[in-house]
Amino acid sequence: SDVYKRQAQRPIVALGGRRVVAPAVPVVIEPTVTAGRPIATYQWRQVRGTSVAVADATAQTLRFTAPGTGTLGFELKVSDSQGYEAIGTVEVRV
């Protein structure tokens, strides 16, 4: 069916679950993206916790410096060359 084909064509994002990091250290989160077509866009968004400065919210890899303490949440939305999208989330505990 068309619904099954659209689901099968969507990219898949895996971010590896919860991370635990020390305060004030550089954090790097590299997603695993499985897709049948090239990924056209990456868009990171912080959805929880103390706001942090992200190096480049449109890069494949998320990079920031951990704040003093707390739990942060991030969402990665990817779009492939045909416009199919997928979203993954990750939690970072400091």
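Residues numbered from 1 in each chain as written. Predicted model: local features only at pLDDT ≥ 70, side-chain atom pairs only at ≥ 80, totals over all residues. Heavy atoms only, no water.

1. Points about the overall build of the protein chain
The line we're drawing: Secondary structure elements follow DSSP: runs of H or I of four or more residues count as helices, runs of E of two or more count as strands, with numbering from the N terminus. Summary of the burial criterion: residues with accessible area below 20% of their type's maximum are buried, those above 50% are exposed, and those between are partly exposed, where the area comes from a 1.4 Å probe applied to protein chains only. Two residues qualify as a contact provided that any one of their heavy atoms is within 4.5 Å of a heavy atom in the partner residue. All accessible areas in this document rest on Shrake-Rupley with a 1.4 Å probe, and a residue is counted as covered only by the protein chains that are shown. When charges are counted, Lys and Arg are positive and Asp and Glu negative, with His and the chain ends excluded. A charged residue contributes its charge at one atom only: NZ of Lys, CZ of Arg, CG of Asp or CD of Glu.
Per the secondary structure count, the protein chain includes 1 helix and 8 strands. Start at the N end of the protein chain and walk to the C end: the helices and strands fall as α-β-β-β-β-β-β-β-β. Overall, the protein chain is about 50 × 20 × 15 Å in size when its C-alpha atoms are taken along their principal axes. Residue burial in the protein chain is summarised as follows: out of 94 residues, 30% are buried. Considering only intrachain contacts with a sequence separation of at least 6, the fraction spanning at least 24 residues in the protein chain is 59%. Roughly 5600 Å² of accessible area belongs to the protein chain as shown, and the carbon and sulfur atoms make up 50% of that amount. Positive and negative side-chain charges of the protein chain, numbering 11 and 7 respectively, have mean locations separated by a distance of 5 Å.

2. As for the nonpolar core
Test applied: Remark: nonpolar core denotes a set of buried residues (Ala, Val, Leu, Ile, Met, Phe, Trp, Tyr, Cys) joined through side-chain atoms within 4.5 Å.
Counting residues in each nonpolar core, the largest one holds 18 residues, and the members touching the most others are L15, I29, W44, F64, F74 and L76. Once you skip the residues sitting within four places of it in the chain, L76 turns out to touch V13, L15, P31, Y42, Q43, W44, A86, I87 and G88.

3. Comments concerning the confidence of the model for the protein chain
Here is the rule: Note: pLDDT gives the predictor's confidence per residue, expressed from 0 to 100.
Confidence along the protein chain averages 92 in pLDDT terms, with 91% of residues attaining 70 or more. Helix α1 (residues 2-9) is the least confidently modelled element of the protein chain, averaging 58 in pLDDT, while strand β6 (residues 62-65) averages 98, the highest of any element.

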